[in-house]
Amino acid sequence: MKKFYYLEIKSYSHMPNGYEFQLADGGEIPSIYKYLEVALKSAQWLINFQTSELGYKVVIPNEENPARKGDCKFAVRLMDKQNDIRKEIRIYSMYINNDKPIW
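Reading the values: the criteria
- Throughout this description, residue numbers start from 1 for each chain and increase along the sequence as written.
- Residues qualify for local features only when their pLDDT is at least 70, as the model is predicted, and side-chain atom pairs are given and counted only at 80 or more; totals for whole chains, interfaces and linings, by contrast, use all residues.
- Here the side-chain values reflect all heavy atoms present in the structure, with hydrogen atoms and water set aside.
- Elements are defined by DSSP. Helices are runs of H or I of four residues or more, strands are runs of E of two residues or more, and each kind is numbered from the N terminus.
- Residue exposure (1.4 Å probe, protein chains only): buried if accessible area is under 20% of the type maximum, exposed if over 50%, otherwise partly exposed.
- Residues are treated as being in contact if the distance between any of their heavy atoms lies within 4.5 Å.
- Per-residue and other accessible areas follow the Shrake-Rupley method at a 1.4 Å probe size, with only the shown protein chains counted as cover for residues.
- Whenever a carboxyl oxygen of Asp or Glu lies within 4 Å of a side-chain nitrogen of Lys or Arg, that contact is scored as a salt bridge.
- Here the nonpolar core consists of buried residues drawn from Ala, Val, Leu, Ile, Met, Phe, Trp, Tyr and Cys, with membership extended through side-chain atoms lying within 4.5 Å.
- One less than the number of residues in a helix, times 1.5 Å, gives the span that helix is expected to have.
- Centres within 6.5 Å make a pair out of two Phe, Tyr or Trp rings, where for Trp the six-membered ring is used; the pair is then stacked when the planes are under 30 degrees apart, edge-to-face when over 60, and tilted otherwise.
- The rule is short: NZ of Lys or CZ of Arg within 6 Å of the ring centre and within 35 degrees of the ring normal puts a charge over the ring.

Draft legend 1. Representation of the overall build of the protein in the model. Within the protein, the regular secondary structure consists of one helix and six strands. Reading the protein from its N end, one meets helices and strands in the order β-β-β-α-β-β-β. Each principal axis of the C-alpha atoms in the protein carries an extent, and together these give about 50 × 25 × 25 Å. Counting over 103 residues, the protein shows a buried share of 32%. Counting only contacts in the protein whose residues sit at least 6 apart along the sequence, the fraction spanning at least 24 positions is 53%. Surface summary for the protein: the accessible area is close to 7,100 Å², and the carbon and sulfur share equals 54%.

Draft legend 2. Quick peek at the pattern of salt bridges. Here the structure, examined in full by the defined rule, presents four salt bridges. The residue Arg 86 makes a salt bridge to Glu 20 at a minimum N-O spacing of 2.8 Å. Highlighted residues: Arg 86 in strand 6 (residues 85-96) and Glu 20 in strand 2 (residues 20-22), separated in sequence by 66 residues.

Draft legend 3. A look at the nonpolar core. Among the nonpolar cores identified, the biggest contains 15 residues, and Leu 7, Ala 43, Ile 47, Phe 74, Leu 78, Ile 89 and Ile 91 are the most heavily contacted of them. Breaking this core down by element, the ones donating at least two residues are strand 1 (2-14), helix 1 (36-53), strand 5 (72-80) and strand 6. The element best represented in this core is helix 1, accounting for four residues. When near neighbours in sequence (up to four residues on either side) are disregarded, Leu 7 contacts Pro 30, Ser 31, Tyr 33, Ser 42, Ala 43, Leu 46, Ile 89, Arg 90 and Ile 91.

Draft legend 4. Local environment of helix 1. Relative to the 26 Å expected for 18 residues at 1.5 Å per residue, helix 1 spans 25 Å between its end C-alpha atoms, a close match to the ideal helical length. Buried positions along helix 1 lie against strand 1, strand 3 (31-33), strand 4 (57-60), strand 5 and strand 6.

Draft legend 5. Quick peek at the packing of aromatic side chains. Counted by the stated rule, this structure contains one aromatic pair. Between Trp 45 and Phe 49, the aromatic rings sit 5.5 Å apart at their centres with planes inclined by 5 degrees, giving stacked as the arrangement. Here Phe 49 and Trp 45 lie together in helix 1, a separation of four residues that amounts to about one turn. Owing to a relative accessible area of 55%, Trp 45 belongs among the exposed residues under this scheme. Judged by relative accessible area, which is 35%, Phe 49 ranks as partly exposed. The ring of Tyr 12 is capped by Arg 86, whose NZ or CZ atom sits 4.2 Å from the centre of that ring.

Draft legend 6. Spatial organisation of the side chain of Asn 62. Structurally, Asn 62 is set in the loop between strand 4 and strand 5. Residue classification places Asn 62 among the buried residues on the basis of a relative accessible area of 13%. Not counting residues up to four positions away in its chain, the partners in contact with Asn 62 are Arg 68, Lys 73, Phe 74, Ala 75 and Val 76.

Below, the structure written as structure tokens:
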């Protein structure tokens, strides 16, 4: 068993009646990293790009995010009020059993 870090990005919006829905079922394509430091740098790059180029604002930073507990090592909530899109960027630790080949 080896420890890895899973970076996920999920986006949400609202229907006219106020119902919230996820834009891509299951989230965007995840990234898996061997080192937490690399996963954190990747997440920070995503946040910097989203805020500086796409107009998102950090509404719940990592230090205050209640989702950051247990296997969740990093969690940030971004919001784009103009497009009514909320993004959740999170990093989870996980173990993968790579002792046996999968084929």
